[in-house]
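Below are the chains, spelled out letter by letter.
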Amino acid sequence: MGAKVLLCAFFFLLLSAVVAGRPILQNGLGQTPQMGWNSWNHFACNINEQTIRQIADAMVDTGLAKLGYEYINIDDCWAAYNRDSQGNLVPKPSTFPSGMKALSDYVHGKGLKLGIYSDAGSRTCSQQMPGSLGHEEQDAKTFASWGIDYLKYDNCNYQGLSPQPRYSTMSRALLNSGRNIFFSICEWGVGNPATWASSLGNSWRTAGDIKDNWGSMASNADSNDYWAKYAGPGGWNDPDMLEIGNGGMTTEEYRSHFSIWALAKAPLLTGCDIRSMSKDTKDILSNQNVIAVNQDALGVQGLKVQKNGDQEVWAGPLSGGRVAVVLWNRGPTQASITASWSSIGLSTSAVVDAHDLWTGEATSSVQGELKATVETHACKMYVLTPK
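Residues numbered from 1 in each chain as written. Predicted model: local features only at pLDDT ≥ 70, side-chain atom pairs only at ≥ 80, totals over all residues. Heavy atoms only, no water.

## Topic: the overall build of the protein chain
When helices and strands are tallied, the protein chain shows 11 helices and 16 strands. Expected size for 387 residues packed as a compact globule is a radius of gyration near 21 Å; at 21 Å, the protein chain falls within 12% of this value. Here the protein chain holds 387 residues, and 58% of them are scored as buried. Sequence-distant contacts in the protein chain: of pairs separated by 6 or more residues, those separated by 24 or more amount to 72%. With an accessible surface of roughly 14600 Å², the protein chain has 50% of that area assigned to carbon and sulfur atoms. Side-chain charges of the protein chain comprise 30 positive and 35 negative groups, with the mean position of each set lying 4 Å from the other. (Helix = DSSP H or I, 4+ residues; strand = E, 2+ residues; numbered from the N terminus. Rg over C-alpha atoms; globule rule 2.2 N^0.38 Å. Buried < 20%, exposed > 50% of the residue type's maximum accessible area, 1.4 Å probe, protein only. Contact = heavy atoms within 4.5 Å. Areas by Shrake-Rupley, 256 points an atom, 1.4 Å probe, with all protein chains shown as cover. Lys, Arg positive; Asp, Glu negative; His and termini not counted. Charge placed at Lys NZ, Arg CZ, Asp CG, Glu CD.)

## Describing the pairing of strand β4 (residues 150-154)
Most of β4 is tucked away, with five of its five residues classed as buried. Going residue by residue along β4, you find Y150, K152 and D154 tucked away on one face and L151 and Y153 tucked away on the opposite face as well. Direction of pairing for strand β3 (residues 113-119) relative to β4: parallel, over a ladder of five bridges. From the neighbouring strand, Y117 faces β4, where its bridge partner is K152. Following the chain from β3 across helix α5 (residues 136-146) to the adjacent parallel β4, one finds a crossover that is right-handed. For the segment spanning β4, helix α6 (residues 163-175) and strand β5 (residues 182-185), crossover handedness is right-handed. (Pairing = 2+ DSSP bridges. Right-handed = clockwise from strand over helix to strand, strands pointing away.)

## Examining the environment of I274
Counting through the fold element by element, I274 comes out in the loop between β8 (268-270) and α9 (279-285). Classification of I274 as buried rests on a relative accessible area of 1%. For the pair I274 and D57, spaced 217 residues apart in sequence, the C-alpha to C-alpha distance is 9.8 Å. Excluding its chain neighbours within four sequence positions, the residues that come into contact with I274 are W37, I55, A58, M59, T62 and L64.

## Quick notes on the side chain of E136
Looking at the secondary structure, you find E136 in helix α5. Buried charged residue E136 carries no salt bridge. Nearest counter-charge: R166, at 7.8 Å. A distance of 3.2 Å separates the side chain of E136 from the backbone nitrogen of G134, its partner in a polar contact. Residue contacts for E136: discarding those within four places in its chain leaves Y153, T169, M170 and A173. (Salt bridge = Lys/Arg side-chain N within 4 Å of Asp/Glu carboxyl O. Polar contact = N/O pair within 3.5 Å; in protein donor to acceptor, adjacent residues only side chain to side chain.)

## Observations concerning the domain arrangement of the protein chain
When its domains are assigned, the protein chain resolves into domain 1 (35-295) and domain 2 (303-386). Interface area, domain 1 with domain 2, both sides summed: about 1800 Å², of which 70% is carbon and sulfur. Looking at the side of domain 1 facing domain 2, the largest losses of area belong to W214, I260 and L263, adding up to 29% of the total buried there. A salt bridge links D222 to K304; its shortest N-O distance comes to 3.0 Å. Connecting domain 1 to domain 2 are nine residue pairs in polar contact (both at pLDDT 80 or more). Secondary-structure elements contributing two or more residues to the side of domain 1 that touches domain 2 are α7 (214-225), α8 (251-263), α9 and α10 (288-294). Sorting elements by how many residues they give to the side of domain 1 that touches domain 2 places α8 first, with nine residues. Broken down by class, the residue content of the side of domain 1 that touches domain 2 amounts to 12 nonpolar, four polar and seven charged. (Domains from an automatic or database assignment. Buried area = accessible area lost by both parts, 1.4 Å probe. Nonpolar A, V, L, I, M, F, W, Y, C, P; charged D, E, K, R; others polar.)

## What to know about α8
Helix length check: α8, at 13 residues, gives a terminal C-alpha distance of 18 Å against a target of 18 Å (1.5 Å per residue), a fit within 8%. Counted residue by residue, α8 has 11 buried out of 13 residues, so it is predominantly covered. Just downstream of α8, K265 is the residue with a positive phi angle, here 55 degrees. (Expected span 1.5 Å × (residues − 1).)

## Concerning the side chain of S171
Counting through the fold element by element, S171 comes out in helix α6. Only 2.8 Å separates the side chain of S171 from the backbone oxygen of L200, close enough to count as a polar contact.

## So, the packing of aromatic side chains
Within the structure shown, the criterion is met by 15 aromatic pairs. Cluster of aromatic residues (ring-pair linked, three or more members): Y153, Y167, F183 and W196. Seen from the ring of Y81, R123 lies directly overhead, with NZ or CZ sitting 3.8 Å from the centre. One Lys or Arg, R255, reaches over the ring of W358 and ends 5.3 Å from the middle of that ring. (Phe/Tyr/Trp six-rings, centres within 6.5 Å; stacked < 30°, edge-to-face > 60°. Lys NZ or Arg CZ within 6 Å of the ring centre and 35° of its normal.)

## Let's talk about the sheet that holds strand β14 (residues 362-367)
The six strands lie next to each other as β9-β10-β11-β16-β13-β14, forming an open sheet whose pairing is antiparallel. The sheet is open, and its two borders are formed by β9 (303-308) and β14, each paired with just one other strand. Sheet twist, expressed as the mean angle between neighbouring strand axes with direction ignored, is 25 degrees. In this sheet, strand β10 (residues 311-317) lies alongside β9 in antiparallel orientation, the contact comprising five bridges. Across the sheet, residue Q306 finds its bridge partner in β10, namely V313. Against the sheet, α7 engages β9, β10 and β11 (323-329), with an angle of about 140 degrees to β11. (Axes fitted to C-alpha atoms, helices over the stretch in contact; angles between N-to-C directions.)

## Thoughts on the state of the cysteines
Under the criterion given, the structure shown has two disulfides. Here C45 pairs with C77 through a disulfide, and the sulfurs are 1.8 Å apart. With C45 in the loop between α2 (40-43) and α3 (49-61) and C77 in the loop between β2 (71-73) and α4 (100-109), this pair connects stretches of sequence that are 32 residues apart. Linked covalently through their sulfurs, C125 and C156 form a disulfide whose S-S length is 2.0 Å. Since a negative S-S torsion denotes a left-handed disulfide, the C125-C156 link at about 95 degrees is right-handed. In this pair, C125 is assigned in the loop between β3 and α5 and C156 in the loop between β4 and α6, connecting sequence segments 31 residues apart. Exposure remark for C125: the relative accessible area of 30% places this residue in the partly exposed category. The class for C156 is buried, based on a relative accessible area of 16%. Should the bonded cysteines of the protein chain be numbered as they appear in the sequence, the pairing reads 1-2, 3-4. We note that C186 lacks a disulfide partner, and the nearest cysteine sulfur, in C125, lies 7.0 Å from it. (Disulfide = S-S within 2.5 Å.)

Spelled out as structure tokens, the structure:
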């Protein structure tokens, strides 16, 4: 018999954090990281019901829906500036004239789910919408009545109040709404939500807003990595949405972006205009082997395990005794990167087959270490399977 794969002690600690009495929000959602689309990164406030319907159409027509991208999430600026006479949030008549119930019916008819946005303060971050502070029960019931499946809950204009009680109030309101609604806590990581949010939400931000550039993406990856042990089925660390396809990075940089987010079990919420995405963008977002790492049933967040200047190794255990590995070159020139078995959770005697998830190449009977030459700002991603 070949050598068996053994998880190193560090990964055992991560596994124990997942299985040993970890509190989770009791809505049954988020057993794997959420996948879908969000309007903010590309459209910001320039949204309307026609765009959302077309995005839902494109999600199906491009084949992304079949790969797991199920949420169509509307971000800030969808509502009228003021509530109605009964204190209800109302969609902006000029941009969502048909109403949210009609829109959710359309999205559901495509086999998809509709998400919406609000804020745990007096007004949203754009200042164009009322926040839900003091209206949590009313707003949660409104969202449920519209058929909403997902709430992104921001943290602007919070009147000096601490975050945990405000998010707890909305969490209870959603549970009492009569509908299972995925709760995405967008507190930006300011109050270390990884340490308290698993019983309140299905994901929680670990960093500030991502920008469509290499430095921002890499910084958010590092911030998210710090909290790896707190993630698991039912609740995930969130380094913010994907920028792939928005034009600010190279194809290799976007491939690194997707690889690290997938390994880290981050939400895969694309933020580009999928109606007109390039072949390169579609190829990245459609890589089924990389998506499978993100959606792996074991649900353990991979993390940075080696660092030598700008050359890094990220790794994490997968179901079936496999290990996912990313060799990431964050430097300005081509570099050789080596992942040692002891760093990535394998016994020194392990013999594995290595599958390159971006080229499709397979290498049999690899022993001791995995080594590759990696271009600048690029990565290599593998799944290692024990023999």
